[in-house]
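Descriptive analysis of the structure
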Number of protein chains: 2
Amino acid sequence: MDIKEIGEFGLIDKIDKIVYRKDKKLVASIGDDCAAFKIGGTKIGLLTTDSLVEDIHFKLKCTSPYDLGYKSIIASISDIASMAGVPLYCLVSLILPDYITVEFVQSFYRGAKTACNKYGCLIAGGDISGSHTNFSLNVSIYGESQQKLLRKRSEAKVGDLIFVTGPLGGSAAGLELLLKPETKASVSTYSKLTKKHLRPEAKVAEGLLASKNGATAMEDISDGLVGEVAHICEQSKIGAIIYVDKVPVDESIKRVDSLKTKAMELALSGGEDYELVFSCPKRKTASLAKAFNKKNLPLFEVGEITKGNRVKVLHNKEKEIKLKGYEHF
Amino acid sequence: MDIKEIGEFGLIDKIDKIVYRKDKKLVASIGDDCAAFKIGGTKIGLLTTDSLVEDIHFKLKCTSPYDLGYKSIIASISDIASMAGVPLYCLVSLILPDYITVEFVQSFYRGAKTACNKYGCLIAGGDISGSHTNFSLNVSIYGESQQKLLRKRSEAKVGDLIFVTGPLGGSAAGLELLLKPETKASVSTYSKLTKKHLRPEAKVAEGLLASKNGATAMEDISDGLVGEVAHICEQSKIGAIIYVDKVPVDESIKRVDSLKTKAMELALSGGEDYELVFSCPKRKTASLAKAFNKKNLPLFEVGEITKGNRVKVLHNKEKEIKLKGYEHF
């Protein structure tokens, strides 16, 4: 059977059926952003892995090796952040075709190190292989959390409100500018949006803060807000409403004539913003907002967990809008 | 600069210069089989990653998906074994071109699970991506050891004897039989040697036992005995002698007419046997041998750590033989 017929999530279900084994130390596995396991006392070890493939996840014509190194690390640190963890050690595995030079690899690692340094993570090893075809790489990161802080996708409850940690759509808009350099945009807008795409930040502090202040389920936005909320719904066996007028759209997008009409679409389904989305019981939202405010960190309420098994995207609490890709079930 | 000009190890040196940062919790990193770090008390966390690329590390025409899954896991468990660790959690990342079917992936995971089950390791997650070119995969494994048991490549001392945990060359011979199916061999010999290649074992118990009984530096034999001893020499800044007549050659190789003349070459430089090679001070070798004997585990003394920075391969303690690939410095 072609994998296309059942899709990525259909395949993951089939894999889960084969590999699943109950284990009292393993507290999160397939279905969450990281594997999470008890390592002694109240400490939790976190492990995440991500492969990035040339021409699928990145194009060398619009990504410098430095940016690629930087962003590959951020994508994995973001997975650790979404489990309320702190990244500690990182392994990088490179599969190198002969058009990748020594200088490329050095620049890649300088970018990777910059990202690691920013979050207190160390590059502790890796692997290098040749390739007869294209360039790909894998980043695995080990991090740690605490049992009481760990947040999984399966713990959202009906009535919880949904929050995001920052404006969305900037990364997807940045990618459009990089792919279509003829697009008209001011230098400052171009620079802001492409930076969102090439040099994103991982929300480690935000993940910890959300978790300490009542977050129930949490996830990083790597595949678009609606898709990520759909993952939470699937794992928590609930539904959700996203109120379009509450979703924070990256302001810079509106300054690009050719993008402003689809700014909301980019905010709802554009990937790689690496903000966090999480659910929180209503009674805890006041203290949550206070905690974020005190640290001067942005926080936006965007929706609500409901009964059912669908993500509804509502405009002005009245009109349900249906857009391609918004409903994953 | 082309990577070919400086080779894999030249490139790793350059990467090490960029990423190196002293850290008191990180006790092993680039240069060892695993990253090793303190996780609390006397416990050590171990992390290893390995990418395997179609037509570089494996050929689908002579590896079933089940065997590929099995062996990919063993290769990484073997890295954990070489640090005297126990494998615990495994993440598998697959990069899948469209000729890989759902049934292939299922069979791959059945093999991977068999290998994991054998060593008490759990598949705890992973990642799936598409590929426009060929098939590749990455396995990352988290394991644990104890501070006093951890063995690194850099701790061999002049005068230590060198041991291996089993006969060598079988895997390389098995690969030759798989690649040249016209080779004459009895069914039983063919089956034994190809099994050595396709279904190797990881020496987890042996790694722990060696470490508890005096091993100083340790490594798994994934790239051939002489090459691995060379790694120990480089990291420990010493030399070594391997006595050819002491090296245990897989007996089955001698039963294949076309291979028997190069049986010793396969044992010295054939890869993927996944036996362990380690150094041990002379005064501890009697108790070491006793411990292995008590558990009915094989152990072979094959050489000695010396001053200098070369691996010498000696025949009958007299004649130094030089063979291509034997001296890595």
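Residues numbered from 1 in each chain as written. Chains lettered and ligands numbered in written order. Predicted model: local features only at pLDDT ≥ 70, side-chain atom pairs only at ≥ 80, totals over all residues. Heavy atoms only, no water.

1. Brief notes about the domain arrangement of chain A
Residues and elements named next belong to chain A.
- Segmenting chain A into domains produces domain 1 (3–146) and domain 2 (153–320).
- The straight-line distance from the C-alpha centre of domain 1 to that of domain 2 is 22 Å.
- Listed by partner, the interface residues are 24 residues for domain 1 and 22 residues for domain 2.
- Of all residues in domain 1, Cys 62, Lys 71 and Ala 84 bury the most surface against domain 2, accounting for 24% of the area lost on that side.
- Here domain 1 is connected to domain 2 by three salt bridges.
- With a closest N to O distance of 2.5 Å, Glu 272 and Lys 71 form a salt bridge.
- At the boundary of domain 1 with domain 2, the tally comes to eight residue pairs in polar contact (both at pLDDT 80 or more). (Domains from an automatic or database assignment. Contact = heavy atoms within 4.5 Å. Buried area = accessible area lost by both parts, 1.4 Å probe. Salt bridge = Lys/Arg side-chain N within 4 Å of Asp/Glu carboxyl O. Polar contact = N/O pair within 3.5 Å; in protein donor to acceptor, adjacent residues only side chain to side chain.)

2. A closer look at the pattern of salt bridges
- Applying the stated rule across the entire model yields 26 salt bridges over all chains.
- Put simply, Asp250(B) and Lys196(B) hold a salt bridge, and the shortest N to O gap is 3.7 Å. Linking Asp250(B) in the loop between strand 9 (239–243) and helix 8 (257–260) with Lys196(B) in helix 5 (residues 187–198), this pair joins segments that are 54 residues apart in sequence.
- Overall, the relative accessible area of 6% leaves Asp250(B) in the buried class.
- Relative accessible area serves as the criterion here: at 31%, Lys196(B) is assigned to the partly exposed category.
- Members of the salt-bridge network, linked through shared partners, are Asp33(A), Arg153(A) and Glu219(A). (Helix = DSSP H or I, 4+ residues; strand = E, 2+ residues; numbered from the N terminus. Buried < 20%, exposed > 50% of the residue type's maximum accessible area, 1.4 Å probe, protein only.)

3. So, helix 5 (residues 187–198) of chain A
Residue and element names in this part refer to chain A.
- Taking 1.5 Å of rise per residue, the twelve residues of helix 5 would be expected to cover 16 Å, and the 16 Å separating its terminal C-alpha atoms lies within 8% of that figure.
- Among the residues making up helix 5, those that are buried are Thr 189, Leu 193, Thr 194, His 197 and Leu 198. Buried residues of helix 5 fall within an arc of 150 degrees about the axis and therefore sit on the same side. Structural note: helix 5 exposes Val 187 and Lys 195 on the side pointing more than 90 degrees away from its buried face.
- Of the surrounding secondary structure, the elements contacted by the buried residues of helix 5 are helix 2 (65–81) and helix 4 (170–179). (Expected span 1.5 Å × (residues − 1). Arc of directions from axis to C-beta.)

4. Describing the pairing of strand 3 (residues 43–53) of chain B
Residues and elements named next belong to chain B.
- Along strand 3, ten of the eleven residues are buried, which leaves the element largely enclosed by surrounding structure.
- In this sheet, strand 3 lies alongside strand 2 (residues 35–40) in antiparallel orientation, the contact comprising five bridges. Of the residues in strand 3, the one forming a bridge with Ala 36 is Leu 46.
- Alignment of strand 3 against strand 6 (residues 136–146), held across eleven bridges, turns out to be antiparallel. For Leu 46, the partnering residue across the bridge sits in strand 6 and is Gly 143. (Pairing = 2+ DSSP bridges.)

5. Comments concerning the relation of the copies chain B and chain A
- At an RMSD of 0.0 Å, chain B and chain A line up after a rotation of 180 degrees and a shift of 0.0 Å along the axis. Look at the turn and shift together and you get a two-fold axis relating the two.
- Most of the interface of chain B is mirrored in chain A, where 100% of its interface residues are also at the interface. (Least-squares fit on C-alpha atoms with pLDDT ≥ 70 in both.)

6. Some points on the environment of Gly159(B)
Residues and elements named next belong to chain B.
- Position of Gly 159 relative to the elements: it lies in the loop between strand 6 and strand 7 (161–164).
- Residues Gly 159 and Ala 263, 104 residues apart in the sequence, show an inter-C-alpha distance of 28 Å.
- Not counting residues up to four positions away in its chain, the partners in contact with Gly 159 are Lys 282, Glu 304 and Ile 305.

7. With respect to the interface of chain B and chain A
- In this complex, chain B contributes 66 residues to the contact, which on the side of chain A involves 66 residues.
- Both faces combined, the contact of chain B with chain A buries some 5800 Å², and carbon together with sulfur accounts for 68% of it.
- Viewed at the interface, chain A and chain B are joined by zero salt bridges.
- The tally of links between chain B and chain A comes to 20 residue pairs in polar contact (both at pLDDT 80 or more).
- For the side of chain B that touches chain A, the elements supplying multiple residues, two or more each, are helix 1 (3–19), strand 2, strand 3, strand 4 (86–96), helix 3 (102–118), strand 5 (122–130) and strand 6 of chain B.
- By residue class, the composition of the side of chain B that touches chain A is 31 nonpolar, 21 polar and 14 charged. (Nonpolar A, V, L, I, M, F, W, Y, C, P; charged D, E, K, R; others polar.)

8. Quick look at helix 6 (residues 204–212) of chain B
Residue and element names in this part refer to chain B.
- Counting buried positions over the nine residues of helix 6 gives seven, a clear majority of the element.
- All of the buried residues along helix 6 are Val 204, Glu 206, Gly 207, Leu 208, Leu 209, Ala 210 and Ser 211.
- Two residues or fewer past helix 6, Gly 214 is found with a positive phi of approximately 110 degrees.

9. A closer look at the sheet that holds strand 2 (residues 35–40) of chain A
- Pairing is mixed in the open sheet, where six strands are placed in the order 1-2-3-6-4-5 (chain A). Among the strands making up the open sheet, the edge pair consists of strand 1 (26–28) and strand 5 (122–130) of chain A. For this sheet the average axis-to-axis angle between neighbouring strands, irrespective of direction, equals 25 degrees.
- The sheet contacts of helix 1 of chain B involve strand 4 (86–96) and strand 5 of chain A, and relative to strand 5 of chain A the element is tilted by about 170 degrees. (Axes fitted to C-alpha atoms, helices over the stretch in contact; angles between N-to-C directions.)

10. A few points about empty space enclosed by the protein
- Taken as a whole and judged by the stated rule, the model has three cavities of 30 Å³ or more.
- For the largest cavity, the calculated volume is near 60 Å³.
- Around the largest cavity, the lining residues are Val53(A), Ile95(A), Ser131(A), Thr133(A), Asn134(A), Ser136(A), Val53(B), Ile95(B), Ser131(B), Thr133(B), Asn134(B) and Ser136(B).
- Tallied by class, the residues present in the lining of the largest cavity amount to four nonpolar, eight polar and no charged. (1 Å grid on protein atoms, 1.4 Å probe; cavity = no way out; pocket = protein on both sides within 12 Å on 5 of 7 lines; lining within 4 Å. Points joined across faces, edges and corners; volume = space filled by probe spheres on them.)

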